[in-house]
Amino acid sequence: MIIRSIYLPINNTLLRLKAEKKQQLIREIQDYWNGLEKKSIKIISEKFQIALPTAKKYVEISELQINSLDSPTNYKKRESPMNDWLNIIFKMMDDGHSSETIYFYIQRQPCFCESNHSLADYIYIIGKNNFPYRALFSAKYLMESVIPPDVIVLKRTEILKYLLTCNPKVKKDETVGLYIELIKEKYPIAGRVEFIFKEFHGTIMGTDPNKLEDFLKEFEDSEIKSFCNGIKKDIAPVKNAISYTISSGFVEGNNNKFKLLKRIVYGRSGLVNLTKKCKLAFLPKNEEFSLSALI
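Report on the accompanying structure.

All right, on to the packing of helix α15 (residues 249–265) against helix α16 (residues 271–282) then. Where α15 meets α16, the closest approach of the two axes is 10 Å, and the angle between their N-to-C directions is 140 degrees. The angle between α15 and α16 places the two elements in the oblique class. In the crossing of α15 with α16, the sense of the turn from one axis to the other is right-handed. Facing N254, K257, F258, L261, K262, I264 and V265 of α15, the residues of α16 in contact are L274, K277, C278, A281 and F282. Taken together, the residues that form the contact of α15 with α16 break down as eight nonpolar, one polar and three charged.

Set out below in structure tokens:
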């Protein structure tokens, strides 16, 4: 039974009301435009609180195009890898299965190769559009609701943070520490990641640039082959970072800060306001700094 065409129904009444409201707005704009002595798109934009390109479009649109707004556009349906599972989701919902059951059932199918995030989104949308009295599905808290209370869950980010923390002053997660040896035994890749990272960290934070050559020689055919190749292309600056106590970190940090400020004011402020914002960010500790001078 093919039911794909009804898993996302279109509310034609709502679309028609929106189209009528839009038609009314366009006609008001055109009437106001025809009554203007001095034609200006900017006046239309400010009067009706719409963007300049939209105002120009509404002024120039024909009556035939206005009348066609209440006809829904038949867009070409995009093919999605999830299309093969939509009927299954709908049928299982119609049979009364819970969203959690559907999620885990499809997820465990050998032929299911899509992302769990997409699966969760489609279960949510199909349930919302076709079964209004059905409880909405959220995969965010799904694992917390199905995992027994005596089971301890350790996230991958927490494990990586524990393994890759070299600063002795930083407090590590005690819960991860209780099970880290068991994790390394069960998943040898965790211990391998820790070993490679600490080897590289010791090389970079050391004072002997020749150790970098030894590191690259040892791991050039390992899991980080591409990383080693990247260092080889720019090995001179990396060796300089090891050899010298001076660093360009201060300059690069200020450059990053300046670029952030530039993106914040982009498109809204001129060079004068950009200058003032940079002074406000960079010079508050300067003895000659005056906040009143920026006003």
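Once you've had a look at it, read on.
This next bit is on the packing of helix α12 (residues 210–219) against helix α14 (residues 235–243). In helix packing, the relevant descriptors are the interaxial angle and the interaxial distance, both defined with respect to the helix axes. At a minimum axis distance of 9 Å, the contact between α12 and α14 shows a crossing angle of 130 degrees. Judged by the inter-axis angle, α12 sits oblique to α14. Residue-level inspection shows L212, E213 and L216 of α12 in contact with α14, the latter providing I235, V238, K239 and I242. In terms of residue class, the contact of α12 with α14 is built from five nonpolar, no polar and two charged.

Time to look at the environment of S138. With respect to the helices and strands, S138 occurs in the loop between α7 (116–130) and α8 (142–146). The class of S138 is partly exposed, set by a relative accessible area of 39%. For the pair S138 and I123, spaced 15 residues apart in sequence, the C-alpha to C-alpha distance is 9.0 Å.

So, on to the packing of aromatic side chains. Scanning the entire structure with this criterion turns up nine aromatic pairs. Centroid distance Y32 to F48: 5.8 Å. Interplanar angle 85 degrees. Geometry classified as edge-to-face. Placement of Y32 in helix α1 (residues 12–34) and of F48 in helix α2 (residues 41–48) is noted, with a sequence separation of 16 residues between them. Residue classification places Y32 among the partly exposed residues on the basis of a relative accessible area of 33%.

A cluster of like negative charges, contributed by E199, D208, D214 and E218, occupies part of the molecular surface. Summarising the element assignment, E218 is placed in helix α12. Given the relative accessible area of 47%, E218 is considered partly exposed.

Attention shifts here to the nonpolar core. Counting 18 residues, the largest nonpolar core has I89, M93, I102, Y103, I106, L119 and I123 as its most contacted members. Within the residue set of this core, elements represented by two or more residues are α5 (83–94), α6 (99–107) and α7. In terms of residues, this core owes the most to one element, α5, which gives six residues. With residues near it in sequence (within four places) discarded, I89 still touches M82, I102, I106, L119, Y122, I123 and I126. A55, V59, I61 and I66 belong to the second-largest nonpolar core, a separate cluster that totals twelve residues.

With that out of the way, let us pick up the side chain of T165. As for its placement among the helices and strands, T165 is situated in the loop between α9 (156–163) and α10 (174–186). Separated by 2.4 Å, the side chain of T165 and the backbone oxygen of K161 make a polar contact. Filtering out sequence-adjacent residues up to four positions away, T165 remains in contact with V170 and K172.

Criteria and cut-off values
- Residues numbered from 1 in each chain as written.
- Predicted model: local features only at pLDDT ≥ 70, side-chain atom pairs only at ≥ 80, totals over all residues.
- Heavy atoms only, no water.
- Axes fitted to C-alpha atoms, helices over the stretch in contact; angles between N-to-C directions.
- Helix = DSSP H or I, 4+ residues; strand = E, 2+ residues; numbered from the N terminus.
- Parallel < 35°, antiparallel > 145°, perpendicular 65-115°, else oblique.
- Left-handed = near helix turned anticlockwise from the far one by under 90°.
- Contact = heavy atoms within 4.5 Å.
- Nonpolar A, V, L, I, M, F, W, Y, C, P; charged D, E, K, R; others polar.
- Buried < 20%, exposed > 50% of the residue type's maximum accessible area, 1.4 Å probe, protein only.
- Phe/Tyr/Trp six-rings, centres within 6.5 Å; stacked < 30°, edge-to-face > 60°.
- Patch = residues over 30% accessible without salt bridge, like charges linked within 9 Å, V, L, I, M, F, W, Y side chains within 5 Å.
- Areas by Shrake-Rupley, 256 points an atom, 1.4 Å probe, with all protein chains shown as cover.
- Salt bridge = Lys/Arg side-chain N within 4 Å of Asp/Glu carboxyl O.
- Lys, Arg positive; Asp, Glu negative; His and termini not counted.
- Charge placed at Lys NZ, Arg CZ, Asp CG, Glu CD.
- Core = buried A, V, L, I, M, F, W, Y, C linked by side-chain atoms within 4.5 Å.
- Polar contact = N/O pair within 3.5 Å; in protein donor to acceptor, adjacent residues only side chain to side chain.

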